[in-house]
Amino acid sequence: MTTKFTPDHEYIRVEGSTGIVGITPYAQEALGDIVFVELPAVGKVLKKGDEAAVVESVKAASEIYAPVSGTVTEVNETLSGEPGLINADPEAKGWIYKIAIADAGELETLLDSDAYAELTL
C-alpha cells in the first residue's frame, strides 16, 4: 500500500488498482471544523486535476481535486451525516472517495511522504 500526495493537500492511498482519496491532516487543520462535504457521483469519470468534491468548513469552501485520472467507484456516505470525521480521522474514517485508477503512471508525478512533509514545513 502506497500513499502519495498532491501540492493541494489531497492524499491517495493506493490499494491495487484503486485509490482512496481524502485531504491530509495538514489540510483539515488549516480548514478548521468541517461542516459539509459535497461528494462526487459514483461512476463520475475524472481527469487528473479535475474538481472531484467540495469540503466546506467554518472558514471556507475548498475544492478537492482528483490526484489521478479514473472513475469514482465509491464515496464515503458517512460524511454526509458526519462531516467532522475528516477532522477526527482524515486518513482512515475521513476518506472522501475511491477511484479506479486509469493510468498508474500518473502516481509517479505525485509527492511521496518526505516531499509532502517538506512542502508543509
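Just so you know, these numbers come straight off a predicted model, no measurement behind them. (Residues numbered from 1 in each chain as written. Predicted model: local features only at pLDDT ≥ 70, side-chain atom pairs only at ≥ 80, totals over all residues. Heavy atoms only, no water.)

J.: What exactly am I supposed to notice about the sheet that holds strand β4 (residues 34-38) here?
T.: Picture the strands of a sheet paired through backbone hydrogen bonds; they go either parallel or antiparallel. Taking strand neighbours across the sheet as the criterion, the three strands line up as β4-β6-β7 in an open arrangement whose pairing is antiparallel. Of all strands in the sheet, those bounded by a partner on one side alone are β4 and β7 (61-65). Pairwise comparison of adjacent strand axes, ignoring direction, gives a mean angle of 25° for this sheet. Two elements, β4 and strand β6 (residues 51-57), share four bridges in a ladder whose sense is antiparallel. The residue bridging I34 from the neighbouring strand is S57, located in β6. (Pairing = 2+ DSSP bridges. Helix = DSSP H or I, 4+ residues; strand = E, 2+ residues; numbered from the N terminus. Axes fitted to C-alpha atoms, helices over the stretch in contact; angles between N-to-C directions.)

J.: Explain the nonpolar core to me, please; I cannot follow it from the model alone.
T.: The nonpolar side chains of a soluble globular protein tend to be buried with one another. By size, the foremost hydrophobic cluster in this structure holds 27 residues, and its most contacted members are I12, V37, V55, I86, I96 and Y97. Going through the elements one at a time, β2 (10-15), β3 (18-23), α1 (25-31), β4, β6, β8 (70-75), α3 (85-88) and β9 (97-101) are the ones with two or more residues in this core. In contact with V55, other than residues within four places in its own chain, are L31, I34, F36, V37, A60, A61, S62, I64, I86 and I96. If you look at the next biggest cluster of nonpolar residues, it comprises five residues, including F5, Y11, I20 and Y116. (Core = buried A, V, L, I, M, F, W, Y, C linked by side-chain atoms within 4.5 Å. Buried < 20%, exposed > 50% of the residue type's maximum accessible area, 1.4 Å probe, protein only. Contact = heavy atoms within 4.5 Å.)

J.: Got a minute to help me understand a nonpolar patch on the surface in this structure?
T.: A grouping of V35, F36 and V58 is seen on the molecular surface, where their side chains present a nonpolar patch of about 280 Å² in accessible area. Position of F36 among the secondary structure elements: in strand β4. By relative accessible area, which is 39% here, F36 ends up partly exposed. (Patch = residues over 30% accessible without salt bridge, like charges linked within 9 Å, V, L, I, M, F, W, Y side chains within 5 Å. Areas by Shrake-Rupley, 256 points an atom, 1.4 Å probe, with all protein chains shown as cover. Salt bridge = Lys/Arg side-chain N within 4 Å of Asp/Glu carboxyl O.)

J.: Where do I start with the packing of aromatic side chains in this structure?
T.: The description of an aromatic ring pair uses the distance of the two centres, along with the angle that the planes make with each other. Under the criterion given, the structure shown has one aromatic pair. Seen from their ring centres, F5 and Y116 are 4.8 Å apart, and the 15° between their planes marks the pair as stacked. Within this pair, whereas F5 is found in strand β1 (residues 2-5), its partner Y116 is found in helix α4 (residues 113-119), the two being separated by 111 residues in sequence. Here F5 and Y116 have matching classes, each one buried. Against the face of W95 rests K98, its NZ or CZ located 5.1 Å from the ring centre. (Phe/Tyr/Trp six-rings, centres within 6.5 Å; stacked < 30°, edge-to-face > 60°. Lys NZ or Arg CZ within 6 Å of the ring centre and 35° of its normal.)

J.: How do you make sense of the pairing of β7 when you look at a structure like this?
T.: The side chains of a regular strand alternate between both faces of the sheet. Sheet analysis places β6 next to β7, joined by five bridges and oriented antiparallel. Across the sheet, V55 pairs through a bridge with S62, a residue of β7. Where β6 hands over to β7, the hairpin turn is made up of three residues, counted between the paired strands.

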